[in-house]
Amino acid sequence: MTKDTENLRPAAEPVQREPFDFARWWDRVGILVVLAVLVVFMAVFAPNFARVDNLLNIARSISVNAILAAGMTFVILTGGIDLSVGSIIAVSGVVAVISAIAGLPAPAAVMLGMVVGAACGLANGALSAYMGLAPFIVTLGTMTFLRGLAYTITAGQPIVSSALNFRDIGNGYFSGIPVPVIVMIIVYLVAWFLLERTRYGRHVYAVGGNPEAAKLAGVRVKRIITSVYLFAGACAGLAGVIFAARVVSAQPTAGTGYELDAIAAVVLGGTALAGGRGRIVGTLIGSVILGVLSTGLILMNVPFFTQLLIKGVVIILAVAIDSLKQRRFSFRLPLLSRSTSSRT
Amino acid sequence: MTLSAPPLLRLEQVSKRFGPTLALNKVDFDLHAGEVHALMGENGAGKSTLMKILAGNQPRDAGRILMDDREIEIRSPRDAGAYGIAIIHQELNTVPDMTIAENLALGHEPVTRFGTLDRRALDRQAREKLARIGADIDPQRRLGSLSIGMQQMVEIARAVSENARVLVLDEPTAALSRAEAQQLYRLIGQMRASGVGLIYISHRMEEVWQLADRVTVFRDGGHIGTARMQDITPPDVVRMMVGRPMGDLYDHPPRTAGDIVLEVEGLAGNGVGPVSFHVRAGEVVAMSGLIGSGRTEIGRLIFGSDPRDAGIVRIDGKTSTPSDCVDAIADGIGMVPENRKEQGLFLGHSVEDNVAISSLDRYVTAGVLHRGAIHAAVAEEMARLRLRANAIDLPVKSLSGGNQQKAVLARWLLRDSRLLILDEPTRGVDIGAKREIYEMIDALARAGKAILMISSDLPEAIGVSDRLLVMRGGRIVRELASAAASEEDVMFHATGTAGDRTARGHGGTQ
């Protein structure tokens, strides 16, 4: 197969690969191409799109969803799903606002919101990992429960506090950049570091790739699974605090449906719902695409109903391209098309 | 079987190309009615491609396919069915949670006049199909409740329609116990007698000589030769498969055992035991026995993947009481599990990730992974195992079965485990890779590792090991020195019956 002359070359640099490998190429830059096309399109057709203040506005508007999606990426990488993050936004926001009104200093209120989110995530993770319940069902249950909790605490009414002490985390600026954008960047740096540069991250991928093999290779699978929900919960808690700061109030309806936007961003970013494959950078780009799309469409005065139609098409299109990539890939390796297991 | 009659099925100069690879290069193949024609070759030789063409899953690029001397076109699995060609794949294509009857009718369920499912017809048809292959099973049972062997019977019953003329079996006995395999052989005999032509793909020499009338060998997509079984010997076939003489597959220079590494006392749990034994450094100990005799369970108890009821396990004199695999690995134990794809590998991940996963703690400073160091260390282990260096970034699923198994072994080489538990290390790998894996096992033992090997392949268990522990009913019933052991000895103790030697009665249990 390989010619002998090739073996004389340095082993680290494989010389002859496939002439053009669509799958690999798309994996690296495909999603960026989509984003670039979208940005150029909007810059040309949407009035005021390319202005700095508008771009910063987009960045701020995506921060809540992007932070949610960062946590969701961890969960989906293990092959799980977390439907409860939208409800966690409401609960953590409510708790943070009430405690701030009660006199808790701003940093403590923010922390408390995150801790509440992390605790909800811990419950999700423990129920999934140690009770062996399906994450979809567990988080469907906690989604409903936590929404109910948010309504119960607030008696169904928004709690408005115009003097909210942590409002800057949603509305403030630092060196001209919105604070939520800075928070979002920090979250992504942490997430990237965890996934790409630590043993923990490798274990997250391993659990998603094959939980049984991970167990036999010495990965504490249950602990990893619990931890990703905890992380997703903490992210949701933080997003909830930012959301509450943005609207300067505790809204029991906050974050309704946000879990689906977060999942969309993750999937757009190329992470496989089956787990084990995907990158955090992709998720960030996926969030940006969704943000650019909705802001651009608003600027172009596209009616809200039509925006939904377009957003739906974009999501399906992105996933279709991903699936096409998989098919190309399996064709290239000639794998059996019918079963999920590949042939040797 | 009359060879003078026109063959039932004939392939002439059939070719198939996948990208740059010529998977089949102008191969000829013929099959007569009432014949078992074995098809052998290493992985990648083109057997699967031929099978896919016959099944209608892949179109051929060139050549002709003739049935009864008339040219036919197989464009889809439906066409294949219409010509009476049935394929039994290695992996079962059934739904375990449905009943046997429902599985048998999958895709063409009988309906009543009103368009609803006709349960009575479903049941009747199922009984007919099962009767046709001589299987006596209640069609109302859930398929998943059957043994793998019986599930395969159901799959054959489903594939074999009334007009079945050609049956292709792809390594059908790979997952079967001996008794189940015997049952399959009987079924094959019946089908041959009724005039069906069978193409039998297998790596196992003994069964090919037991079953087949002729054998064809493929290598690198080419047809190397076809011979009647009485005109050829297993070494001939091996030579045709690998393109060179193999020597003795298990040949290894004598080894000297060192200190005791693994010491097991009264270990029980998981429904097996108690067992006591030891493995020394530089020693390969094989656990032999029938499927279900408790070999894998013992391995899992030592490795901490199942809870123990009783017993002591020591590694290098230190007691090892792992509560999970993580602890066992920390104690110096490595495990190559029975089912490579399901338990051993992360198929979509790179070779590097697959090899490094168990040793990441060694390459961490202040929580940060040393990726360069990991890369270099993995590359080094790959070189030791003669794994292609440019494979390091490829997904492990793109490797051949033998190379995949090497990746799992490399994981424990990198970890530098003291004891390696190898559960069926050569299942599903071709003969060339087998040879390399045996050489690796030998090299590992020489490097001072203790190796506990579980194997259903008797010649392998005897040939590769220094000592044999024969298990039956969850206990070790006999220890044998491999050099002096014969397959009959092992079977005698493993079955607890006299087998061929009726005179010995129920000996062997001490």
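Note that the coordinates shown come from a computational prediction; the quantities given were computed from them, not determined experimentally.

I keep staring at the overall build of chain B and nothing clicks. Help me out?
Helix and strand content of chain B: 17 helices and 22 strands. Relative to its length of 510 residues, chain B is compact, with a C-alpha radius of gyration of 25 Å against a globular reference of 24 Å. Its C-alpha atoms give chain B principal-axis dimensions of roughly 70 × 55 × 55 Å. Excluding contacts between residues fewer than 6 apart, the proportion of contacts in chain B whose partners are at least 24 apart in sequence is 66%. For chain B, the computed accessible surface area is about 21,200 Å², with 48% contributed by carbon and sulfur atoms.

Please clarify how the packing of aromatic side chains should be interpreted in this entry.
In this description, an aromatic ring pair is defined by two values, namely the gap between the centres and the angle between the planes. All names here are of chain A. Following the criterion strictly, the structure yields six aromatic pairs over all chains and no others. Consider the rings of F243 and Y258, whose centres lie 5.9 Å apart with planes at 80°: the pair is edge-to-face. Remark: Y258 occurs in helix 12 (residues 258-268) and F243 occurs in helix 11 (residues 221-247); sequence separation between them is 15 residues. For F243, a relative accessible area of 18% puts it in the buried group.

Would you mind showing me how to read the environment of R51 of chain A here?
Residue and element names in this part refer to chain A. One can find R51 in the loop between helix 2 (22-45) and helix 3 (52-77). Between the C-alpha atoms of R51 and I263, which are 212 residues apart in sequence, the distance is 29 Å. Within polar-contact distance, the side chain of R51 engages the side chain of D53 at 3.0 Å.

How do you make sense of the domain arrangement of chain B when you look at a structure like this?
Interface size, as often reported, equals the accessible area lost upon joining of the parts. Residues and elements named next belong to chain B. Parsing chain B into structural domains produces domain 1 (9-242) and domain 2 (260-345 + 396-504). Look at where the C-alpha atoms of domain 1 and domain 2 centre, and you get two points 33 Å apart. The partner domain 2 presents eleven residues to the twelve residues of domain 1 that form the contact. Carbon and sulfur atoms make up 57% of the area that domain 1 and domain 2 hide from each other, which totals about 890 Å². In this structure, the connection of domain 1 to domain 2 is made through zero residue pairs in polar contact (both at pLDDT 80 or more). The greatest single-element share of the side of domain 1 that touches domain 2, amounting to three residues, is contributed by helix 8 (residues 234-242). Of the residues in the side of domain 1 that touches domain 2, the class split is five nonpolar, three polar and four charged.

So what exactly am I meant to see when it comes to the sheet that holds strand 12 (residues 272-280) of chain B here?
Hydrogen bonds along the backbone pair up the strands of a sheet, which may run parallel or antiparallel. Residue and element names in this part refer to chain B. Taken together, four strands build an open sheet; the order of strands is 12-11-14-15 and the sheet is antiparallel. Since the sheet does not close on itself, it has two edges, and those belong to strand 12 and strand 15 (318-319), each with one partner. In this sheet, strand 14 (residues 310-315) lies alongside strand 11 (residues 260-269) in antiparallel orientation, the contact comprising five bridges. Counted as the bridge partner of A268 is A310 from strand 14. The strands touched by helix 9 (residues 295-303) within the sheet are strand 11, strand 12 and strand 14, with strand 11 carrying the most contacts at an inclination of about 110°.

What exactly am I supposed to notice about the sheet that holds strand 20 (residues 450-454) of chain B here?
All names here are of chain B. Overall, mixed pairing links the six strands, which are arranged 16-19-20-13-21-22 in an open sheet. At either end of the open sheet lies a strand with only one pairing partner, and these are strand 16 (333-336) and strand 22 (475-481). Strand after strand, the sheet turns through a mean of 20° between neighbouring axes, direction not considered. Bridge count between strand 13 (residues 284-289) and strand 20: four bridges; the pairing is parallel. Residue pairing for strand 20: V285 is matched across the bridge by L452. Running at roughly 145° to strand 16, helix 9 makes contact with strand 13, strand 16, strand 19 (419-423), strand 20 and strand 21 (467-472) of the sheet.

Is there a simple way to think about helix 8 of chain B in this case?
Since the α-helix turns once every 3.6 residues, residues separated by three or four places project in the same direction. Along helix 8 of chain B, the positions that sit buried rather than exposed are V237, V238, M240, M241 and V242 of chain B. Those residues of helix 8 of chain B that are buried are in contact with strand 3 (36-40), helix 7 (205-211), strand 9 (214-219), strand 10 (222-228) and helix 15 (431-446) of chain B.

Would you explain the nonpolar core in this entry?
Generally speaking, a soluble globular protein has its nonpolar side chains buried in company with each other. One finds F166 of chain A together with L167, L262, F277, I302, F303 and L419 of chain B to be the most contacted residues of the largest nonpolar core, which totals 228 residues. Here this core takes 15 residues from helix 11 of chain A, the largest share from any one element. Among the domains, domain 1 (9-242) and domain 2 (260-345 + 396-504) of chain B are the pair contributing at least three residues each to this core. V27, L39, M51 and A80 of chain B belong to the second largest nonpolar core, which has 27 residues in total.

The rules we used
Residues numbered from 1 in each chain as written. Chains lettered and ligands numbered in written order. Predicted model: local features only at pLDDT ≥ 70, side-chain atom pairs only at ≥ 80, totals over all residues. Heavy atoms only, no water. Helix = DSSP H or I, 4+ residues; strand = E, 2+ residues; numbered from the N terminus. Rg over C-alpha atoms; globule rule 2.2 N^0.38 Å. Contact = heavy atoms within 4.5 Å. Areas by Shrake-Rupley, 256 points an atom, 1.4 Å probe, with all protein chains shown as cover. Phe/Tyr/Trp six-rings, centres within 6.5 Å; stacked < 30°, edge-to-face > 60°. Buried < 20%, exposed > 50% of the residue type's maximum accessible area, 1.4 Å probe, protein only. Polar contact = N/O pair within 3.5 Å; in protein donor to acceptor, adjacent residues only side chain to side chain. Domains from an automatic or database assignment. Buried area = accessible area lost by both parts, 1.4 Å probe. Nonpolar A, V, L, I, M, F, W, Y, C, P; charged D, E, K, R; others polar. Pairing = 2+ DSSP bridges. Axes fitted to C-alpha atoms, helices over the stretch in contact; angles between N-to-C directions. Core = buried A, V, L, I, M, F, W, Y, C linked by side-chain atoms within 4.5 Å.

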